[in-house]
Amino acid sequence: MAGEKNAATSAPPCAIVIFGATGDLTARKLLPALYNLTRDGLLSKSTVVIGFARRPKTDEEFRAEMLEAINTFSRCKPVDAELWRDLAQRIFYHQSTFENAAGYHSLADRLADVDKKFKTGGRRLYYLSTSPTEFGQIVERLGDAGLGNIDPFNSQAWRRAIVEKPFGRNLATARELNQHINRVFDESQVYRIDHYLGKQTVQNLLVFRFANGIFEPIWNRRYVDHIQITVGETLGVEGRGGYFENAGTLRDMVQNHLMQLLTLIAMEPPVALDGDAIRDEKVRVLKSIQPFTPQEVALYTVRGQYSPGTVDGKPTIGYLQERGVAPDSQTETYAAVKLDINNWRWHGVPFYLRSGKHLKRQGSEVSIHFNSAPGVLFNAPGGNLARNILTLRIQPKEGISLLINAKRPGTVTRIAPAHMDFEYNEAFGSYSPEAYERLLLDAMLGDSTLFIRRDEVESAWSIIDRIEESWTSGTPPLAMYEPGSWGPQAANELLARDGRTWDCLGADASR
Ligand code: BG6
């Protein structure tokens with residue numbers, strides 16, 4: 001897709017300021033990504049990284065922590081000593097609280113020095129990797145210190161802000177946050193990250209759809225019976241109870257990652273492969289989804305929470321026993337939703353979305369279930385042949401498979417399902433940059449295709465808000481499920497009512 005043209009383009013030198021630099025994301029994802037970009041020759045040898053955070057720390061201490069983090073989390077390790085020496089001398093630590101104006105003025109002085117010393121040309125990438133409650137004030141302080149302004153006479157001296165999810169808790173708070181951000185940064189300077197868009201297989205959805213002639217003609221209500229999107233996780237909330245209590249699966253996963261997958265599957269062909277053309281089409285999909293009435297929430301959504309249980313023979317705690325979780329919490333760790341996209345292409349084709357923690361299998365998949373062929377020639381039971389199913393495996397075992405009906409070998413004609421399978425690693429080798437590598441590179445290159453635009457976020461929230469409102473008032477009731485299961489029984493009933501069943505995630509891979 002659009003960014004492919006950038007794949008081998010290295011980024012211009014800039015200063016990357018990471019707010020919340022002592023947090024998990026910096027250690028697990030951001031510094032490993034910057035190191036790998038360096039390894040691949042895609043990060044300029046003049047680019048500077050400044051970690052901005054509250055805890056007192058010297059540059060040296062910060063560098064040592066980052067080295068350890070890269071050695072632990074990088075896809076390429078151990079760290080190459082020479083590359084690291086070169087990168088480390090351009091990594092600095094800036095100690096300040098997020099509210100302290102003086103900390104931003106001293107940051108401005110530091111950035112001016114960096115420009116002189118490393119020739120970063122006034123290009124700045126601010127990465128907001130803090131708790132979302134800090135976003136507003138960081139942006140405001142950056143603005144007050146003149147750090148958001150762009151020079152109208154020098155388009156090369158850009159200022160960009162990467163914002164991590166969650167973008168608000170609902171439509172009202174998302175709007176408020178967006179207004180806040182847009183007071184300092186123009187929308188073209190804002191890069192909202194959804195790491196799913198950095199995954200190679202997610203980017204492949206558009207290539208698959210629009211670079212192949214045979215799928216697009218059947219990609220509509222005349223040929224498709226229904227579509228399933230699943231993101232399943234085998235782990236529980238793993239110590240993130242405090243965060244999860246404020247989110248729940250609907251906000252944490254569905255509002256962003258699953259909705260993004262949905263828009264890429266359902267969108268019309270864009271007029272061009274550029275950021276705005278693609279995002280215009282994605283927004284059109286979201287606008288075609290009618291927000292639910294409370295009655296529809298009761299009928300078409302399921303929320304669940306994992307109970308204590310046993311996984312792989314070992315006892316596991318329930319969500320209510322997780323640290324930071326209220327003993328009577330109603331927060332969902334599982335969500336399933338049936339959505340209709342009311343447009344010409346998809347009218348009458350249900351999209352079933354589900355995501356949950358502590359499920360039976362780990363993986364993210366989209367499956368397109370096509371209408372079945374008439375069974376008249378084959379005496380199929382009930383007159384129906386099994387549907388052809390096209391499964392797009394986002395992770396793991398990234399690939400694509402098509403379920404077809406085939407003749408079982410033998411003297412009589414018996415039909416059995418068979419898979420035609422394509423695996424990324426087999427076809428192209430195992431090199432696959434991490435999502436954050438691609439996204440950081442794109443932000444430095446000014447390609448916003450894989451980032452979320454303001455109207456996308458807000459349209460997604462208007463769908464989610466209606467569901468949250470009913471859930472908060474107890475409809476439908478929270479259903480408990482066993483860890484290591486496929487989620488609550490109510491989710492099976494959601495499909496059973498339509499005469500359908502959920503896919504067994506990863507079933508192809510485990511064949
Ligand atoms: C994050 C969520 O955005 O995505 C986590 O906050 C979730 O709760 C994670 O575990 C899943 O991402 P991935 O890339 O492992 O599928």
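Values in this document were obtained by computation on a predicted structure and should not be read as measured data. (Residues numbered from 1 in each chain as written. Predicted model: local features only at pLDDT ≥ 70, side-chain atom pairs only at ≥ 80, totals over all residues. Heavy atoms only, no water.)

S.K.: How should the domain arrangement of the protein be read in this particular structure?
M.R.: For interface size, the figure often reported is the accessible area lost on association. Assigned domains within the protein: domain 1 (2–164) and domain 2 (197–496). A C-alpha centroid distance of 33 Å is found between domain 1 and domain 2. Put simply, domain 1 and domain 2 have two salt bridges between them. Residues Lys29 and Glu434 are paired through a salt bridge, measuring 3.7 Å at the closest nitrogen-oxygen approach. Linking domain 1 with domain 2 are five residue pairs in polar contact (both at pLDDT 80 or more). At the level of elements, α1 (24–39), β4 (124–128) and β5 (159–163) are the ones that each hand at least two residues to the side of domain 1 that touches domain 2. The greatest single-element share of the side of domain 1 that touches domain 2, amounting to seven residues, is contributed by α1. (Domains from an automatic or database assignment. Salt bridge = Lys/Arg side-chain N within 4 Å of Asp/Glu carboxyl O. Polar contact = N/O pair within 3.5 Å; in protein donor to acceptor, adjacent residues only side chain to side chain. Helix = DSSP H or I, 4+ residues; strand = E, 2+ residues; numbered from the N terminus.)

S.K.: Can you help me understand the environment of Leu385 in this one?
M.R.: Along the chain, the position of Leu385 falls in the loop between β13 (363–370) and β14 (389–395). In this structure, the C-alpha to C-alpha distance between Leu385 and Pro374, residues eleven residues apart in sequence, is 6.8 Å.

S.K.: Help me understand the packing of aromatic side chains in this model?
M.R.: Both the distance between ring centres and the angle between the ring planes are used here to describe each pair of aromatic rings. What the rule picks out here adds up to 22 aromatic pairs. Ring geometry for Tyr424 versus Phe428: centroids 5.8 Å apart, planes at 55 degrees, classification tilted. One end of the pair is Tyr424 and the other is Phe428, both in helix α12 (residues 424–428) and four residues apart, which spans about a single turn. Take Tyr424: its relative accessible area is 17%, and that puts it in the buried class. Here a set of aromatic residues connected by ring pairs shows up, and it is made of Phe19, Phe52, Phe98, Tyr104, Tyr126 and Phe185. The ring of Trp158 has Arg160 sitting right over it, with the charged end atom 3.8 Å from the ring centre. Over the aromatic face of Trp344 sits the side chain of Arg221, whose NZ or CZ is 5.5 Å from the ring centroid. (Phe/Tyr/Trp six-rings, centres within 6.5 Å; stacked < 30°, edge-to-face > 60°. Buried < 20%, exposed > 50% of the residue type's maximum accessible area, 1.4 Å probe, protein only. Lys NZ or Arg CZ within 6 Å of the ring centre and 35° of its normal.)

S.K.: Just to check I follow, could you spell out the site of the ligand for this structure?
M.R.: Taken together, the residues surrounding the ligand are Lys165, His195, Tyr196, Lys199, Glu233, Arg240, Tyr243, Asp252, Met253, His257, Lys357 and Gln395. With respect to the ligand, the side chain of His257 contributes an N or O atom lying 2.7 Å from an oxygen atom. Taking 390 Å² as the accessible area of the ligand by itself, protein coverage stands at 77%. Looking at which element gives the most residues to the shell around the ligand, the answer is helix α9 (residues 249–266), with three residues. (Near = heavy atom within 4 Å. Areas by Shrake-Rupley, 256 points an atom, 1.4 Å probe, with all protein chains shown as cover.)

S.K.: Could you clarify how one ought to interpret the sheet that holds strand β2 (residues 48–53) in this entry?
M.R.: Whenever strands of a sheet pair, they do so through backbone hydrogen bonds, lying parallel or antiparallel. Spatially, six strands are ordered β3-β2-β1-β4-β5-β6 in an open sheet, and the strand pairing comes out parallel. If you trace the sheet from one side to the other, it starts and ends with β3 (91–95) and β6 (190–192), each paired once. The average undirected angle you get between the axes of adjacent strands in this sheet is 20 degrees. (Pairing = 2+ DSSP bridges. Axes fitted to C-alpha atoms, helices over the stretch in contact; angles between N-to-C directions.)

S.K.: Just to check I follow, could you spell out helix α14 (residues 454–472) for this structure?
M.R.: It helps to recall that an α-helix has 3.6 residues per turn; residues three or four apart then point in one direction. Over its 19 residues, α14 runs 26 Å from end to end, which matches the ideal 27 Å to within 8%, given 1.5 Å per residue. For α14, the principal kink sits at Ile464 and spans about 30 degrees. Gly474 sits one or two residues past α14 and shows a positive phi near 95 degrees. (Expected span 1.5 Å × (residues − 1). Bend = angle between axes of the 7 residues up to and from the residue.)

S.K.: Looking at this structure, how should I read the pattern of salt bridges?
M.R.: According to the stated counting rule, one finds 32 salt bridges in the structure shown. Here Glu437 makes a salt bridge to Arg75, at a shortest N to O gap of 2.7 Å. Taken as a pair, Glu437 in helix α13 (residues 435–445) and Arg75 in the loop between α2 (59–73) and α3 (81–88) lie far apart in primary sequence, 362 residues in all. Look at Glu437 and you get buried, because its relative accessible area is 2%. Arg500 serves as the salt-bridge partner of Asp498, at 3.9 Å between the closest nitrogen and oxygen.

S.K.: Explain the pairing of β13 here, please?
M.R.: Successive residues of a regular strand alternate their side chains across the two faces of the sheet. Counting buried residues in β13 gives eight out of eight residues, a clear majority hidden from the surface. The alternating pattern of β13 places Gly363, Glu365, Ser367 and His369 on one face and Ser364, Val366, Ile368 and Phe370 on the opposite face, and all of these are buried. Inspection of the sheet shows strand β7 (residues 224–232) paired to β13 by eight bridges, in the antiparallel sense. Following the sheet pairing, Val231 is matched in β13 by Ser364. In this sheet, β14 lies alongside β13 in antiparallel orientation, the contact comprising six bridges.

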